[in-house]
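One-letter residues, chain by chain:
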Amino acid sequence: MSKTAENEGALETRGIEQVPDHERTARTRELFPTWVGANISVLLLTMGASLVVAYHLNFWQALVVAAAAPVVSYGLVGLIGIAGKRGGAPGMALSRAVFGQRGNLLPGSLIWVARWGWETINAVTGAYAVLTVLDIVFGIRANSVLDMVTLLAFVVATFAISGLGINAVQKCNKYATYLFGAFSVLVLGYLVVDTDWSAVFDRSAGSVAAMITGVGLIAAGGVSWIPSAPDFTRYLPRTASSKGIVGVTVGGAGIVVLPMVLMGMIMAVSTPDLASAADPVSFLGEILPTWIAVPYLLIALIGMLLINSMSMYSAGFTAQTLGFKVPRHWAVSVNAVISLVFGGVLMLVATSFMGSFIAFLSLLAVAFSAWVGVFGADMLRGREYDGAALADTGRTSAYWYRGGFAPAAVVAWAVGLAAGLMFTTSDWFTGPLATNNFVGEYGLGWVATVVISALLYAVLPKPALIVPEARAERADQPEAEARTETVTV
């Protein structure tokens, strides 16, 4: 990324403040390994298996789903990433300009909590990968104590990488991309030779509704990255190509998602219980020979470490925007502790990993989509970001609006979130409108959330932006008496 002392050192100390233009020397192509690394997860294999077992799709339908999902979800990631080059700050810091300094605490808190679940799922998957390798190589069987030891080791390693900062994350992603790509080709070659292809291609087709729902299932992981997109583009210069940002983001994700989902689908034909396995990893030791399974699991473990490192890296910024007055690497530690606690509960108590995972994805997509609709609609208005106003959390900020809230953004976000949940179905929650209509039956609750929140924000009257001349006067006046010298934005 940027070749400056700030981020060339071992520890990145920059927090949510705007990156100065002279430090923004990154290149768009450096995003490619970032989004490859964000998808190096065996969970994609299990989701691919779910397309066969749960949704009853055939090979060609699974191919369409696997191709469409990253285009939809990471297309949105790339589009929101454009805000990073415009504003030079993390996504949830830029969000202050849209929701107001206080209003931003509402979506920020929800997104931060949702990240706990995402990081917990990945930490547990990483721990299961270690347990599977120990079983295959040394014959060591899992038990409660070993479960917790492996989970702790994974979380500590994640904290170490994410705490170092973006330079460390980017370098790890680069090398992991090469390793994972090479071994994925090896696994794919083994499947080509070993698979009963007549069984794969003779499957009957599933419904169109199941295909669309499947796209939502696979896309949910990408949707969770959307608010984080500016975190990884803020070191790009303002002149960076917007089309290039979107293209590299979709390409980096798609090159992993497509083959991984298809491999999971193929594996599930010969191993139908893959999608309902007690954990999402151990099946690889049964399907693949040891000489492939062990190194592949170790590389996938690195991938899951990087995914969680990226998530915790962004979560540190989110915590800072919520008012945690600590350096970013210490803010990261909050999420590390939470994922350790929740991960322990999931490994020791939960009876079905995949059931919990799919239910979580359904709600995760809606939780993030409400913010996406509002923030994306605001971007389309050509928003430029004032670094000083973003950092100023008091009444003198240009983004203070009305009592610290931007009413149009907050209302649109809340209504979109509530509407999306009403159309959502999961093992944990089913909305009252989840059946007997196209949106609910096709699993489009998260899409409804984006559309409703975006349209509502577009039509609601926007708050005025406080001009610089009025800010100094505001600082000396009680809030009720503050002048309203403003310009419309």
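The structure displayed is predicted, hence computed values, not measured ones. (Residues numbered from 1 in each chain as written. Predicted model: local features only at pLDDT ≥ 70, side-chain atom pairs only at ≥ 80, totals over all residues. Heavy atoms only, no water.)

K.L.:
Which parts of the structure should I look at to understand the overall build of the protein chain?
P.N.:
From N to C terminus, the protein chain includes 21 helices and two strands. Counting the 489 residues in the protein chain, one finds 59% classified as buried. Sequence-distant contacts in the protein chain: of pairs separated by 6 or more residues, those separated by 24 or more amount to 84%. Accessible area of the protein chain: about 18,300 Å², with a carbon and sulfur share of 68%. (Helix = DSSP H or I, 4+ residues; strand = E, 2+ residues; numbered from the N terminus. Buried < 20%, exposed > 50% of the residue type's maximum accessible area, 1.4 Å probe, protein only. Contact = heavy atoms within 4.5 Å. Areas by Shrake-Rupley, 256 points an atom, 1.4 Å probe, with all protein chains shown as cover.)

K.L.:
Sorry if this is basic, but what is going on with helix H11 (residues 208–223) here?
P.N.:
At 3.6 residues per turn, the α-helix brings residues three or four places apart onto the same side. In this model, H11 (16 residues) spans 22 Å end to end at C-alpha, consistent with the 22 Å of a helix rising 1.5 Å per residue. Of all the bends in H11, the greatest, near 25°, is centred on Leu217. (Expected span 1.5 Å × (residues − 1). Bend = angle between axes of the 7 residues up to and from the residue.)

K.L.:
What should I look at first to understand the side chain of Asn58 in this one?
P.N.:
Looking at where Asn58 falls in the secondary structure, it is placed in the loop between helix H3 (43–53) and helix H4 (59–87). Given the relative accessible area of 12%, Asn58 is considered buried. In terms of polar contacts, Asn58 uses its side chain to reach the backbone amide nitrogen of Trp60, at 3.2 Å. (Polar contact = N/O pair within 3.5 Å; in protein donor to acceptor, adjacent residues only side chain to side chain.)

K.L.:
Would you explain the confidence of the model for the protein chain in this entry?
P.N.:
Low-pLDDT portions of the prediction should not be read for the details of their coordinates. Summing up the model confidence of the protein chain, the mean pLDDT is 81 and the portion of residues at 70 or higher is 83%. For the protein chain, per-element mean pLDDT is lowest for helix H1 (residues 5–8), which scores 41, and highest for H4, which scores 95. Between residues 1–10, whose pLDDT stays under 50, and residues either more than four places distant or in other chains, the model counts 29 contacts. Note on residues 479–489: pLDDT is under 50 here. Beyond four places in sequence and across chains, it has 24 contacts. (pLDDT = per-residue confidence, 0-100.)

K.L.:
Can you help me understand unusual backbone geometry in this one?
P.N.:
Where the residue is not glycine, phi is negative for most of them; where a peptide bond is considered, it is trans in most cases. Despite not being glycine, His56 has its phi angle at roughly 60°, a positive value. In this fold, His56 is placed in the loop between H3 and H4. Looking at His56, the relative accessible area reads 48%, which means it is partly exposed. At Tyr401, a position not held by glycine, the phi torsion is positive, near 55°. Inspection of the secondary structure assignment puts Tyr401 in the loop between helix H17 (387–391) and helix H18 (407–422). Owing to a relative accessible area of 6%, Tyr401 belongs among the buried residues under this scheme.

K.L.:
Can you walk me through the packing of H3 against helix H12 (residues 242–270) in this structure?
P.N.:
Each pair of packed helices can be described by the angle between their axes along with the distance between the axes. Two numbers describe how H3 lies on H12: the axes approach to 6 Å, and their chain directions differ by 55°. Classified by the angle their axes make, H3 and H12 are oblique. For the crossing formed where H3 meets H12, the hand is right-handed. Between H3, through Leu44, Leu45, Gly48, Ala49, Leu51, Val52 and Val53, and H12, the contact on the second element is made entirely by Val256, Val257, Met260, Val261, Met263, Gly264, Met265, Met267 and Ala268. (Axes fitted to C-alpha atoms, helices over the stretch in contact; angles between N-to-C directions. Parallel < 35°, antiparallel > 145°, perpendicular 65-115°, else oblique. Left-handed = near helix turned anticlockwise from the far one by under 90°.)

K.L.:
I'm lost on the side chain of Gln101 in this one. Help?
P.N.:
The residue Gln101 is located in the loop between helix H6 (96–99) and helix H7 (105–138) in this model. By relative accessible area, which is 6% here, Gln101 ends up buried. Within the structure, Gln101 has its side chain in polar contact with the side chain of Ser397 (distance 3.3 Å). Among all residues touching Gln101, those that are not within four sequence positions of it are Arg96, Ala389, Leu390, Asp392, Thr393, Ser397, Tyr399, Trp400 and Gly404.

K.L.:
Would you take a moment to explain the nonpolar core for this structure?
P.N.:
Where a protein is soluble and globular, its nonpolar side chains tend to be buried together. Counting 140 residues, the largest nonpolar core has Trp35, Leu45, Trp225, Leu284, Tyr296, Trp371 and Phe375 as its most contacted members. Top element by residues in this core is helix H14 (residues 290–321). It accounts for 16 residues. Once you skip the residues sitting within four places of it in the chain, Tyr296 turns out to touch Leu45, Phe180, Phe183, Ser184, Val187, Met260, Met263, Leu284 and Leu288. (Core = buried A, V, L, I, M, F, W, Y, C linked by side-chain atoms within 4.5 Å.)

K.L.:
Help me understand the environment of Ser241, please; the structure alone is not making it clear to me.
P.N.:
Mapped onto the secondary structure, Ser241 falls in the loop between H11 and H12. Given a relative accessible area of 39%, Ser241 falls into the partly exposed group. Put simply, Ser241 and Arg27 are 214 residues apart on the chain and 9.8 Å apart in space, counted from C-alpha to C-alpha. Setting aside residues up to four positions removed in sequence, Ser241 forms contacts with Thr28 and Lys85.

K.L.:
Even after reading the chapter, I still don't get the pattern of salt bridges, so can you show me in this structure?
P.N.:
Evaluation of the coordinates by the stated rule reveals six salt bridges. A salt bridge links Asp21 to Arg24; the shortest N-O distance between them is 3.4 Å. Its relative accessible area of 48% is what places Asp21 among the partly exposed residues. Classification of Arg24 by relative accessible area gives buried; the value is 3%. With a shortest N-O distance of 2.8 Å, Asp378 and Arg383 are connected by a salt bridge. Take Asp378: its relative accessible area is 0%, and that puts it in the buried class. Judged by its relative accessible area of 9%, Arg383 is buried. Bridged by salt links that share partners, the residues Asp21, Arg24 and Arg238 form one connected network. (Salt bridge = Lys/Arg side-chain N within 4 Å of Asp/Glu carboxyl O.)

K.L.:
Any chance you could explain empty space enclosed by the protein here in plain terms?
P.N.:
The rolling of a water-molecule-sized probe over the atoms marks out the regions of remaining empty space. Scanning the entire structure with this criterion turns up three cavities of 30 Å³ or more. The calculated volume of the largest cavity comes to roughly 130 Å³. Taken together, 15 residues form the lining of the largest cavity, with Asn39, Leu44, Met47, Trp118 and Gly221 sitting closest to its centre. Elements supplying a minimum of two residues to the lining of the largest cavity: H3, H7 and H11. (1 Å grid on protein atoms, 1.4 Å probe; cavity = no way out; pocket = protein on both sides within 12 Å on 5 of 7 lines; lining within 4 Å. Points joined across faces, edges and corners; volume = space filled by probe spheres on them.)

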